[in-house]
Amino acid sequence: MDKKKKTVYAWAMYDWANSAFATVILATVLPIFYKDVAGINLPGNLATSYWGYTQTIAMIIIAIISPILGAAADYSDSKKTFLKFFVFLGITGTSLLFFVNEGNYLLASFFFIIANIGFSGGNVFYDGFLTDISDADSIDYISSLGYAAGYLGGGLLLALNLLMISKPALFGISTVTLATQISFITVAVWWFIFSLPAFKYLPAPEKRVEKIPLAKYTKMAFGRLKSTFVHIRKYRELWKFLLAFWIYNDGIGTIIRMATIYGREVGIGQTDLIGALLLTQFIGIPFALIFAKIAGKITAKKGIYLALTIYTAITFYGYFLDSALDFWILAGIVGMVQGGAQALSRSLYGAMVPESKSAEFFGFYGVSSKFAAIIGPTVFAYAGQLTGSSRYGIIAVASFFVLGIIFLSRVDVEKGKLEAKS
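Being a predicted model, the structure only gives us computed values, none of them experimental.

So, about the domain arrangement of the chain. Under the domain assignment, the chain is made up of domain 1 (1–202) and domain 2 (224–421). Contacts between the two partners involve 56 residues from domain 1 and, on the opposite side, 49 residues from domain 2. Here domain 1 meets domain 2 over a buried area of about 4700 Å², counting both sides, of which 69% is carbon and sulfur. When the buried surface of domain 1 facing domain 2 is broken down by residue, Ile32, Tyr147 and Tyr151 rank first, second and third, together holding 15% of it. At the surface where domain 1 touches domain 2, the tally comes to one salt bridge. Linking Arg264 and Asp36 is a salt bridge whose minimum nitrogen-to-oxygen distance equals 2.8 Å. Taken together, domain 1 and domain 2 are joined by ten residue pairs in polar contact (both at pLDDT 80 or more). Among the elements of the structure, helix 1 (3–38), helix 2 (46–76), helix 4 (105–128), helix 5 (130–133) and helix 6 (139–166) are those that each provide at least two residues to the side of domain 1 that touches domain 2. Looking at side-chain class alone, the side of domain 1 that touches domain 2 contains 33 nonpolar, 18 polar and five charged residues.

In structure tokens:
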């Protein structure tokens, strides 16, 4: 295998590695554990709302620290070093979830926040490698390949965990709770092992530099963020796309983070919840690549339109969710559009980014999307807490997709590509 292919596969393998966190911790097992074990003493739908607020706090923290660490990484030219830092932080937080027991919802929130900082922070640097390893002809395919690998890797570990949690005796485990806690350890181990190819093969033109104080990094980071904000607004179509992306991606993130605990609240059983999300993973494998083909036929922008329209329908269906079958159907539909929407968004953005500013603008893309991801879980949690039912939270998420479509319709992609070249 030549060096270029090795690098591409190593990059995609990191998606395989960290998607175990996305599937087991973020989307399925931990939300159920949070409601049934950690938040067992919380009345009504408070566990669901507190889970939403936990997501918000985690995203606020990562949004604040990402530009600081990003500046440090760029200054020392050590993007890969910071990827490793966030991986080890995420693995540590994930492993500590093993020690959470009944009623420890605050401890569960704290350890999850640590782990999610590692997961989200790592993705900032991981996404930044995309333009280093692709060109205009291959960016859609490589971006989609990463998502497809993530669906497969995360899905395989989730399948193992589902078997372990539903039949703990097969593994010599005494209780379902202990099996769930052990599943958190399996995520940490999986994440570490399959990150190793990225650590070895991703480009790393690193150099030693003088040590500078944190305060100086902070000043550099937010000064640069302000400067990039000013620069990026000069590319009018790229800026309009970013506004649309911030809105609809917040909706996508909210669905990912809140779907399982919402399903648990309305009475769906644990096996059905985890099994349905496993279906999402495996349907997502071919559809992440199918959406790349769709983009080639109808353009990436229209592919995103298609995904957002389906997402809007998902939220309305979700409001009337009443049975395990409903949840399975919704999970299958989400699997068809989730990876495609995110992969095409990343590649469409990359197509309108000027080559000379790719690192700067992709850094802004990653950091700014963290700030934008704060609103959705808060809206969901507050709507549920205010009304006493999270059904109103799920219907509120529809507004993110409708507004996203409206804002995206104002983006002239071809003009944006010309602006990038000029």
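Now that the structure is up, let's keep going.
All right, on to the pattern of salt bridges then. Counted according to the given criterion, the structure contains three salt bridges. Between Lys240 and Glu237 there is a salt bridge, with the nearest N and O atoms lying 3.2 Å from each other. On the criterion of helical spacing, the pair formed by Lys240 and Glu237 is a turn pair, its members being three residues apart in helix 10 (residues 236–265). Both residues of the pair, Lys240 and Glu237, count as buried. Close ionic contact of Lys417 with Glu414 constitutes a salt bridge, the shortest N to O distance being 3.7 Å. Of this pair, Lys417 and Glu414 both sit in helix 18 (residues 413–421), three residues apart, which is roughly one turn of the helix. Since its relative accessible area comes to 52%, Glu414 is described here as exposed.

Another point: the nonpolar core. Grouped together as the largest cluster of nonpolar side chains are 124 residues, with contacts concentrated most on Phe21, Ile25, Leu83, Phe241, Tyr248, Tyr311 and Tyr349. Broken down by element, the residue count for this core peaks at 20 residues, all from helix 1. No fewer than three residues from each of domain 1 (1–202) and domain 2 (224–421) sit in this core. Excluding residues that lie within four positions of it along the chain, Tyr248 makes contacts with Phe241, Ile304, Leu308, Ser345, Phe400, Phe401 and Gly404. Counting six residues, the second-largest nonpolar core is a separate cluster that includes Tyr147, Tyr151, Ala288 and Ala343.

What counts as what
Residues numbered from 1 in each chain as written. Predicted model: local features only at pLDDT ≥ 70, side-chain atom pairs only at ≥ 80, totals over all residues. Heavy atoms only, no water. Domains from an automatic or database assignment. Contact = heavy atoms within 4.5 Å. Buried area = accessible area lost by both parts, 1.4 Å probe. Salt bridge = Lys/Arg side-chain N within 4 Å of Asp/Glu carboxyl O. Polar contact = N/O pair within 3.5 Å; in protein donor to acceptor, adjacent residues only side chain to side chain. Helix = DSSP H or I, 4+ residues; strand = E, 2+ residues; numbered from the N terminus. Nonpolar A, V, L, I, M, F, W, Y, C, P; charged D, E, K, R; others polar. Buried < 20%, exposed > 50% of the residue type's maximum accessible area, 1.4 Å probe, protein only. Core = buried A, V, L, I, M, F, W, Y, C linked by side-chain atoms within 4.5 Å.

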